[in-house]
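Per-entry structural report
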Amino acid sequence: MEIPTVQDLSTRTVQEIENLEEIVSRVVPSPGDIPSLAGVEVYGETMPLNGLIGGDHIIYVDFKKRYNLPARIGKARAKGREDLAANLESLYQRAGIVVADVAGHRLTDAILALMLHQAFLLGAMYELDFFGEVTTRLFENLNSRFYNSSTVSKFITMIYGEIWVDGKFRFISAGHTIPVVFSRQYDRFVDISPDMLTTFPPLGTMPSYDDIDQQDRRPPLGYKERYEVNEITLMGVGDILLLYTDGLGDHTDGREEYFPGRVEQVLRMTKDLSARAIFDAIRDDMLAFAPFSDDVTIVVIKRQ
């Protein structure tokens, strides 16, 4: 057997990295994936630390773009499932957003993000078939799947939320940074009651309480309680909701923390601009403040 040379190994490594980059590029959201809702504007991107790929990930779910809702509604009614049809019709009034953060920011951490991407979208399709909407059941199953296939050190924090045309944002959090709301009327971040910000352990660190396949075992950290849905409402025109990863929350120049003070300043100066322009302003100001030390993801949701 011929032993590969150092040059051969180096070439293969480069090829493997290029292959991974190509795969990841196919699941990175395109501008056409960003939800389009009457009265609500959305824009966000992931900025990997290494400039290529990393552990942060966004999934946009504009239900009317991604799924054939008229066909699904017709099929539900043909089966006499008016409850299912009603849930499917409500999807015209809302859109889903996943923001996930894999522990670590190496190229290979993107593999877990890819796993979540495919598992979530497959699960969401079945959720629409059975319930006409995405339910917490999907996330219980995702948590169980990642518990059985990853380690405690390779966990994923995640937030999934649905923004409605009336400015309502309903979400669950698996160990993720909590959204913040900038009020245009008060020109600052507003306090949100802790009762509205329930969060749970990161995906895969503890099995779900209702996981029947785990009930005869004794997990070292115990069981995770059932997911609960939080709700925040953008009350006024021009209010801004930020979803983000800890790359923003922990950003520092070594002397001063960037978040939340400086982010709030940027929002004061850009609150009348589009969601895309607000995102660009935060990104540019972050880079001017200090180089990134982690992957960063920011999603701006603005009520028009």
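Above: the structure in question.
Owing to the predicted nature of the structure, the values given are computational and were not obtained by experimental measurement.

As for the sheet that holds strand β1 (residues 40-47)
Spatially, β1-β10-β9-β6-β7 is the arrangement adopted by the 5 strands of the open sheet, whose pairing is antiparallel. On the outer flanks of this sheet lie β1 and β7 (188-189), each paired with one strand and no other. Sheet analysis places strand β6 (residues 180-183) next to β7, joined by 2 bridges and oriented antiparallel. Across the sheet, the residue bridging to F182 is F189, located in β7. Against the sheet, helix α9 (residues 275-289) contacts β1, β9 (240-244) and β10 (296-303), and its axis sits at roughly 30° relative to β1.

Here we look at the packing of aromatic side chains
Following the criterion strictly, the structure yields 12 aromatic pairs and no others. Ring centres 6.4 Å apart and planes at 50° place the aromatic pair F130 and F131 in the tilted group. We classify F131 as partly exposed; its relative accessible area is 31%. Three or more aromatic residues link up through ring pairs in this structure, and these residues are F182, F189, Y244 and F259. When the ring centre of W164 is taken as reference, the NZ or CZ atom of K168 above it lies at 4.2 Å.

Things to note about the pattern of salt bridges
Throughout the structure, instances matching the rule amount to 19 salt bridges. A salt bridge links R262 to D285, with the shortest nitrogen-to-oxygen separation between them at 2.8 Å. In this pair, R262 sits in helix α8 (residues 261-270) while D285 sits in helix α9, placing the two residues 23 residues apart along the sequence. Judged by its relative accessible area of 26%, R262 falls in the partly exposed class. A single network of salt bridges, built from pairs that share partners, joins D187, E264, R268 and K271.

Quick word on helix α6 (residues 136-149)
Under the 1.5 Å per step criterion, the end-to-end length of α6 is 20 Å for 14 residues, consistent within 8% with the ideal 20 Å. Every buried residue of α6 is listed here: L138, F139, E140, L142, N143, S144 and F146. Looking at the packing, one finds that the buried side of α6 touches α5 (110-131), β4 (156-164) and β5 (168-174).

Some remarks on the sheet that holds β5
If you walk across this open sheet you meet the 5 strands as β2-β3-β4-β5-β8, and the pairing is antiparallel. The open sheet terminates on both sides in strands that have one partner only, identified here as β2 (56-61) and β8 (230-233). The mean inter-strand angle of the sheet, taken between neighbouring strand axes irrespective of direction, is 20°. Two strands pair when backbone bridges link them, and β4 and β5 are joined in this way by 6 bridges, in the antiparallel orientation. The partner of I163 across the bridge, within β5, is F169.

What counts, and at which threshold
- Residues numbered from 1 in each chain as written.
- Predicted model: local features only at pLDDT ≥ 70, side-chain atom pairs only at ≥ 80, totals over all residues.
- Heavy atoms only, no water.
- Pairing = 2+ DSSP bridges.
- Helix = DSSP H or I, 4+ residues; strand = E, 2+ residues; numbered from the N terminus.
- Contact = heavy atoms within 4.5 Å.
- Axes fitted to C-alpha atoms, helices over the stretch in contact; angles between N-to-C directions.
- Phe/Tyr/Trp six-rings, centres within 6.5 Å; stacked < 30°, edge-to-face > 60°.
- Buried < 20%, exposed > 50% of the residue type's maximum accessible area, 1.4 Å probe, protein only.
- Lys NZ or Arg CZ within 6 Å of the ring centre and 35° of its normal.
- Salt bridge = Lys/Arg side-chain N within 4 Å of Asp/Glu carboxyl O.
- Expected span 1.5 Å × (residues − 1).

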